[in-house]
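Structural overview
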Amino acid sequence: MTNYPFLSSTDPQMLKLIEEENQRQRDGLELIPSENHTSKAVLQALATPLSDKYAEGYPGRRYYAGNAVVDKIETLVQERAKKLFGVPYVNVQPYSGSPANLAVYMATCEPGDSFMGLDLLSGGHLTHGWKMSATSKLWTSHPYFLTDDGAFDFEVIRQLALECKPKLIWCGGTAIPRAIPFAEFAKIADEVGAYLAADISHIVGLIAAGEHESPAAHVHIITTTTHKTLRGPRGALIMVTEKGLAKDEKLGQKIDKAIIPGLQGGPHLNTIAGIGVALLEAAQPEFKTYAKQVVQNAKALGQALVEHGFKLVTGGTDNHLLLIDLTSTGPGRGKFLQLALERVGLYANMNTIPGDSGPPLYPSGLRLGSPAATTRGMGAAEMIKIAEWIARASQAIKNDHLPEDKTERSEVFKKFAERLAGDQNFETLRQEVQELCGRFPVPAIG
Ligand code: DSN
């Protein structure tokens, strides 16, 4: 009996693949810290005819006809976001985090202007100025770095800002296990007259629930995706704070113009409705309990990993995310361990660590997070079990090493995956993972 009767009759081939993916999600565990599981209510909003409507423009000023209802929807979502994050202005239309961040450049910088962001390999994001990103081709990127032990060195960051006189400074990132000191960034941005933008995509749910300090009092602009710790659909928000409007009263309008006509066409209204549902859910007391548990679980997982002998960047975590430093076991260990865990249904991702000595495609770190497991109802006892599984998988591959000769690498990883596929110990581990996951259903699919 399928949950998708219409797909079943119209496109059984697609249905089969969707059900395969549902089964993969049920049987395994998403430990990638940027992933989560939405509620059934969020998924229901996504699967509505709102997807069929064009609505270029903003509530009350659309290019196409027939937008009286979607005006009400977009306004409702804006109001929910403003209330939850304590900001006077929000744009709910960015298709995802990258266009949201691009819009911030367009609203605050002229082409070629200098800006600063955390280097990708230190835990920043592509759109914070990575050399391959449009952001560093259209504007002038001056990256700052974490110290080798994962800390911000504010004296070095300040010196860089004094030298390059950025128009815009980004704070936030994708692999920062500790709290982000927004006030320290604000001192520097204010001293050099730069806009300060916080990309809170990873920690947004923790901020909404009061488990991480809000940047609203310190920064001018906040961007966030909506599908990570916020547990909404894939989308994004751009918010302007009171401080942002005090710096430039037209900043909100500039952001609006940067989104459309600057970067995007019609907004994805079904996604916007889904974001609205997620914002409502995030304002409930149950979400505060959830976010608290996310942090407790990440700490419990970190502690258990340390007890198994793993080294963590910064020694632990303040949030939902952990970064294992595998340097001592040789280069490329992040990739070996990611593949080994994938074999047993534990999905984590290889990641560079601050000061990584390995080649960027074969990083020395593994990034893990607790948001999705916590959504399934898991607690400290399950985190301890997960750490044990990671230790067993890691121990079983301790003799696999990255060849120095680059041409041999893809063959080595191919053989590695083939060997694991036929390995009975890994099969036993996979069954243990599946058995545990069976007791913690994925909310929207059971
Ligand atoms: N891909 C996201 C992450 O995994 O952190 C960042 O965009």
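Everything discussed here concerns the structure shown above.
The rules behind each value
- Residue numbers run consecutively from 1 along every chain, following the written order of its sequence.
- Given that this is a predicted model, residues contribute local features only at a pLDDT of at least 70 and side-chain atom pairs are listed and counted only at 80 or more, while totals for whole chains, interfaces and linings are drawn from all residues.
- Side-chain descriptors were evaluated using all non-hydrogen atoms of the structure, hydrogens and water having been removed beforehand.
- Counting from the N terminus, the helices are DSSP H or I runs at least four residues long and the strands are E runs at least two residues long.
- A simple rule labels every residue: compare its accessible area, found with a 1.4 Å probe on the protein chains alone, to the largest value its type can have, and call it buried under 20%, exposed over 50%, or partly exposed in between.
- We call two residues in contact when some of their heavy atoms are within 4.5 Å.
- Here the axes come from fitting lines to C-alpha atoms, over the contacting stretch only for helices, and the angles between their N-to-C directions go from 0 to 180 degrees.
- For a crossing to be left-handed, the near helix must be turned anticlockwise from the far one by less than a right angle; the clockwise case is right-handed.
- Only Asp, Glu, Lys and Arg are considered charged, only Ala, Val, Leu, Ile, Met, Phe, Trp, Tyr, Cys and Pro nonpolar, and every remaining residue, Gly among them, polar.
- Surface patches are drawn from residues lacking salt bridges whose relative accessible area is over 30%; two like charges belong together within 9 Å, two nonpolar side chains (Val, Leu, Ile, Met, Phe, Trp, Tyr) within 5 Å.
- Computed by Shrake-Rupley with a 1.4 Å probe, the accessible areas treat only the displayed protein chains as cover when residues are assessed.
- Put simply, a salt bridge is a Lys or Arg side-chain nitrogen that is within 4 Å of an Asp or Glu carboxyl oxygen.
- Strand pairing follows a simple DSSP-based rule, namely that at least 2 bridges must link the two strands.
- Aromatic contacts are taken between Phe, Tyr and Trp rings whose centres are within 6.5 Å, Trp giving its six-membered ring; a plane angle under 30 degrees counts as stacked, one over 60 as edge-to-face, and the others as tilted.
- In this text, buried Ala, Val, Leu, Ile, Met, Phe, Trp, Tyr and Cys residues form a nonpolar core when linked through side-chain atoms within 4.5 Å.

**Thoughts on the side chain of N349**
Summarising the element assignment, N349 is placed in strand β14 (residues 349-351). Under the relative-accessibility criterion, N349 is labelled buried at 14%. When residues no more than four places from it in sequence are discounted, the contact partners of N349 are I32, P33, Q338, G365, L366 and R367.

**Describing the packing of helix α4 (residues 68-85) against helix α12 (residues 269-282)**
With their axes 9 Å apart at the nearest point, α4 and α12 run at an angle of 35° to one another. α4 and α12 meet at a crossing whose hand is left-handed. The segment α4 lies against α12, with V70, I73, E74, V77, R80, A81, L84 and F85 engaging L269, I272, A273, I275, G276, V277, L279, L280 and A282. Across the contact of α4 with α12, the residue classes break down as 14 nonpolar, one polar and two charged.

**Examining the packing of helix α13 (residues 285-307) against helix α16 (residues 380-396)**
A pair of packed helices is captured by two measures, namely the crossing angle of their axes and the spacing between those axes. Packing of α13 against α16 leaves a shortest axis separation of 8 Å and a crossing angle of 35°. Helix-helix and strand crossings are classified by hand; for α13 and α16 the assignment is right-handed. Residues Q293, N297, A300, L301, A304 and L305 of α13 lie in contact with α16, whose contacting residues are A380, M383, I384, I386, A387 and I390.

**With respect to a nonpolar patch on the surface**
Taken together, Y54, Y63 and Y64 make up a surface patch of nonpolar side chains, about 410 Å² in accessible area. Note that Y63 resides in the loop between β3 (61-62) and α4.

**Observations regarding the sheet that holds β14**
Strand order across the open sheet formed by four strands is β11-β12-β15-β14, with antiparallel pairing between neighbours. Edge strands, defined here as strands with exactly one partner in the open sheet, are β11 (311-312) and β14. Two strands pair when backbone bridges link them, and strand β12 (residues 321-325) and strand β15 (residues 365-369) are joined in this way by five bridges, in the antiparallel orientation. Bridge pairing links I324 to L366 in β15. Of the strands in this sheet, β14 and β15 are in contact with helix α14 (residues 333-343), which crosses β15 at around 45°.

**Observations regarding the packing of aromatic side chains**
Scanning the model with the defined rule gives 13 aromatic pairs in all. Consider the rings of Y105 and F115, whose centres lie 4.8 Å apart with planes at 85°: the pair is edge-to-face. Highlighted residues: Y105 in helix α5 (residues 97-108) and F115 in strand β5 (residues 114-116), separated in sequence by ten residues. The two residues Y105 and F115 agree in class, both being buried. Centroid distance Y105 to W170: 5.7 Å. Interplanar angle 50°. Geometry classified as tilted. With a gap of 65 residues between them, Y105 in helix α5 and W170 in strand β7 (residues 168-171) connect regions that are remote in the sequence.

**A closer look at the sheet that holds strand β10 (residues 236-240)**
Here seven strands make up an open sheet; going across it, the order is β4-β10-β9-β8-β7-β5-β6 and the pairing mixed. Whereas interior strands pair on both sides, the edge strands pair on one side only; in this sheet they are β4 (89-91) and β6 (140-141). When β5 meets β6, the two strands line up parallel, connected through two bridges. Paired with F115 across the two strands is S141, which belongs to β6. Packed on one face of the sheet, helix α7 (residues 154-164) meets β5 and β7 and runs near 170° to β5. Its contacts with the sheet place helix α8 (residues 182-192) against β7 and β8 (195-199), and it is angled at close to 175° to β7.

**Let's talk about the nonpolar core**
Ranked by size, the top nonpolar core spans 57 residues in total, and within it F85, Y144, C171 and F185 carry the most contacts. Setting aside its immediate chain neighbours within four residues, F185 contacts Y144, F152, F154, I157, W170, C171, I180 and L196. Formed by 41 residues, the second largest nonpolar core is a distinct cluster that contains L29, I397, F413 and F426.

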